[in-house]
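Listed below, chain by chain, are the residues.
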Amino acid sequence: MGKLKQKEQQISKMEQTAMHVSKVSILVNVLLSAGKLAAGILASSGAMISDAVHSASDVFSTIIVMIGIRISGKEADSRHPYGHERMECVAAVLLAVVLALTGAGIGIEGIRKIASGNYQDLAVPGIAALIAAVVSVAVKEWMYWYTRFYAKKIRSSALMADAWHHRSDSLSSIGAFAGILGARMGFPVLDPVASVVICLFILKAAYDIFKDAIDKMVDTACDPQLEEELRRFVLEQPGVEGIDLLRTRTFGNRIYVDVDIMADGDLPLREAHGIAQCVHDGIEKQFDQVKHIMVHVDPA
């Protein structure tokens, strides 16, 4: 009962951390997207307006992340006996779709301006758009590292997806800066070209987020390095003479482990069970990302 309570407290603390990071992300993105939109309109920069839309989409995506993390933290029930961790992956998939749609919209508008051929009619962006791009790169890069730190700390796939959303925004701002600078140097077509480049960065980020979430929803094995650590740990436990089978699968941001250990075949059932219990409790204590362990004993 004490171990279960400890696990629940750990999950609660992880959820609180994710919610705090997400609230900071929403506040920063609201301020940043408003500033970039104002700069884009005042400086007549389509690239900066596209970048502002990208930042505004971050607000919606972070809300999706918050909902996913909140639901995934719910306790198991009769309809969901294995818990709700995969809801975080669902949130990441929704985030990837939103990101892809945002990128496609920006890219289509940029291609339309390039295909029109009326480059002389394109407005030359003002200096405010350049300044906004520099500020955006700095702020979004900081948000990427800030969110990434806590995503790794609490092992949250949805929060890590949000971190990459910040990174894609940082890269898109670099593209916007290059396009705006080129337009101010006498090549106005570079502003919509920058929008298309931004689109590609966003689509790549959406693909990576989508692939990672799907991998975690279809029982992919965990990292080989972690499996090797599990194997070494099990073999170090008293009474374990070998391993017949070690199998892992990801379940959202948690891991399930099945292990068949070998023990002395002449041991009484109670002693063999004690060895299995020792392995079970040891893995649970040593590897906090492991949610469930099934230990089977074979005679050596």
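Residues numbered from 1 in each chain as written. Predicted model: local features only at pLDDT ≥ 70, side-chain atom pairs only at ≥ 80, totals over all residues. Heavy atoms only, no water.

### Looking at the overall build of the protein
Going by this rule: Counting from the N terminus, the helices are DSSP H or I runs at least four residues long and the strands are E runs at least two residues long. For each residue, the accessible area found with a 1.4 Å probe, counting protein chains only, is set against the maximum for its type, and the residue is called buried under 20%, exposed over 50%, and partly exposed in between. The contact rule is simple, with two residues in contact once any of their heavy atoms fall within 4.5 Å. Residue exposure ignores everything except the shown protein chains as possible cover, and the areas themselves are Shrake-Rupley values with a 1.4 Å probe.
In terms of helices and strands, the protein carries eight helices and three strands. Helices (α) and strands (β) of the protein occur, in sequence order from the N terminus, as α-α-α-α-α-α-α-β-β-α-β. The buried share among the 300 residues of the protein stands at 46%. Put simply, 74% of the contacts in the protein that link residues at least 6 apart link residues at least 24 apart. Looking at the protein as shown, the accessible area adds up to about 15100 Å², and 64% of this sits on carbon and sulfur atoms.

### A look at the packing of aromatic side chains
Applicable threshold: Put simply, two rings from Phe, Tyr or Trp (the six-membered ring, in Trp's case) pair if the centres are within 6.5 Å, and we call them stacked under 30 degrees between planes, edge-to-face over 60, tilted for the rest. Whether a charge sits over a ring depends on NZ of Lys or CZ of Arg being within 6 Å of the ring centre and within 35 degrees of the ring normal.
Counted according to the given criterion, the structure contains six aromatic pairs. Linked through ring pairs, W142, Y146, F149 and Y150 together constitute an aromatic cluster. The positively charged end of R167 is found above the aromatic ring belonging to Y144, 3.9 Å away from the centroid. One cation-aromatic arrangement involves R249 over Y256; the distance from NZ or CZ to the ring centre is 4.5 Å.

### Description of the pairing of strand β2 (residues 254–263)
What counts is decided by this rule: Strands are treated as partners if at least two bridges between them are detected by DSSP. Throughout, right-handed denotes a crossover for which the path from the first strand over the helix to the second runs clockwise when the strands point away from the viewer.
Across the ten residues that make up β2, a large majority, eight, are buried. Both β2 and strand β3 (residues 290–299) contribute to a ladder of nine bridges, which runs parallel. Pairing of I261 across the sheet is with V297, part of β3. For the crossover that starts at β2, traverses helix α8 (residues 269–286) and ends in the parallel β3, the hand is right-handed.

### A word on a nonpolar patch on the surface
Short version of the rule: Each patch is assembled from residues with relative accessible area greater than 30% and no salt bridge, linking like charges that lie within 9 Å and nonpolar side chains (Val, Leu, Ile, Met, Phe, Trp, Tyr) that lie within 5 Å. Every case where a carboxyl oxygen of Asp or Glu lies within 4 Å of a side-chain nitrogen of Lys or Arg is listed as a salt bridge.
On the surface, V134, F177, L181, M185, F187, L190, V193, V197 and F201 cluster together to form a nonpolar patch covering roughly 730 Å² of accessible area. The exposure class of L190 is partly exposed, given its relative accessible area of 31%.

### Notes on the pattern of salt bridges
Taken as a whole and judged by the stated rule, the model has two salt bridges. Two residues, E141 and R167, come together in a salt bridge whose shortest N-O distance is 2.6 Å. Taken together, the residues E141 in helix α4 (residues 127–154) and R167 in helix α5 (residues 157–184) connect sequence positions 26 residues apart. Two residues, K204 and D208, come together in a salt bridge whose shortest N-O distance is 2.7 Å. You can see K204 and its partner D208 sitting in helix α6 (residues 190–217), four residues apart, about one turn around the helix.

### So, helix α7 (residues 224–235)
Inclusion rule: Take the residue count of a helix, subtract one, and multiply by 1.5 Å to get its expected span. The directions from the helix axis to the C-beta atoms are what the arc is built from. Whenever a nitrogen or oxygen atom comes within 3.5 Å of another N or O atom, the pair is scored as a polar contact, on the condition that within protein one atom can donate a hydrogen and the other can accept it, and that pairs from neighbouring residues in sequence are kept only if both atoms are in side chains.
Its twelve residues place the ends of α7 17 Å apart at the C-alpha level, agreeing with the 16 Å of an ideal helix rising 1.5 Å per residue. For α7, the complete set of buried residues consists of L226, L230, F233 and V234. End-on view of α7: buried residues confined to an arc of 95 degrees, all on one side of the axis. The exposed residues of α7 that point more than 90 degrees off its buried face are P224 and Q225. The residue sitting at the N-terminus of α7 and contributing the capping side-chain oxygen is D223; that oxygen lies 2.9 Å from the backbone nitrogen of Q225.

### Concerning the nonpolar core
Applied cut-off: Take the buried Ala, Val, Leu, Ile, Met, Phe, Trp, Tyr and Cys residues and link them wherever side-chain atoms come within 4.5 Å; each set so joined is a nonpolar core.
Of all hydrophobic cores here, the largest spans 38 residues; its most connected members are M48, L99, L159, A176, I180 and I209. Of all the secondary-structure elements, those providing two or more residues to this core are α1 (2–42), α2 (46–72), α3 (86–116), α4, α5 and α6. Considering each element in turn, this core owes the most residues, nine residues, to α4. L246, V257, F287 and V290 belong to the second largest nonpolar core, which has 21 residues in total.

### A look at the packing of α4 against α5
The cut-off we apply is this: Angles shown run from 0 to 180 degrees and are taken between the N-to-C directions of axes, each axis being a line fitted to C-alpha atoms and, for helices, limited to the stretch in contact. Working rule for angles: under 35 degrees goes down as roughly parallel, over 145 as roughly antiparallel, 65 to 115 as roughly perpendicular, anything else as oblique. Each crossing gets its handedness from the near helix: less than a right angle anticlockwise from the far helix is left-handed, clockwise is right-handed. Under the grouping applied here, Gly and all other residues not named as nonpolar or charged are polar, the nonpolar ones being Ala, Val, Leu, Ile, Met, Phe, Trp, Tyr, Cys and Pro and the charged ones Asp, Glu, Lys and Arg.
Their axes nearest at 7 Å, the elements α4 and α5 cross at an angle of 165 degrees. Between α4 and α5, the angle falls in the class roughly antiparallel. Crossing of α4 over α5 shows left-handed handedness. Residues of the contact of α4 with α5, tallied by class, amount to 20 nonpolar, five polar and eight charged.

### Things to note about a negative patch on the surface
Rule in force here: Think of it this way: Lys and Arg go in the positive column, Asp and Glu in the negative one, and His and the chain ends go nowhere. To locate a charge, take atom NZ for lysine, CZ for arginine, CG for aspartate or CD for glutamate.
A cluster of acidic side chains, namely E241, D264, D266 and E271, defines a negative patch on the protein surface. As for its position among the elements, D266 is in the loop between β2 and α8. According to the relative accessible area criterion, D266 is exposed, its value standing at 72%.

### Observations concerning the packing of α5 against α6
For the pair α5 and α6, the least separation of the axes is 8 Å and the interaxial angle reads 165 degrees. Taken together, α5 and α6 sit at an angle that is classed as roughly antiparallel. When the axes of α5 and α6 are compared, the crossing they make is right-handed. Residues S157, A161, W164, S168, L171, S172, G175, A176, G179, I180, G182 and A183 of α5 touch α6, and the partners they reach there are L190, D191, A194, I198, F201, A205, I209, D212 and K216. By residue class, the composition of the contact of α5 with α6 is twelve nonpolar, six polar and three charged.

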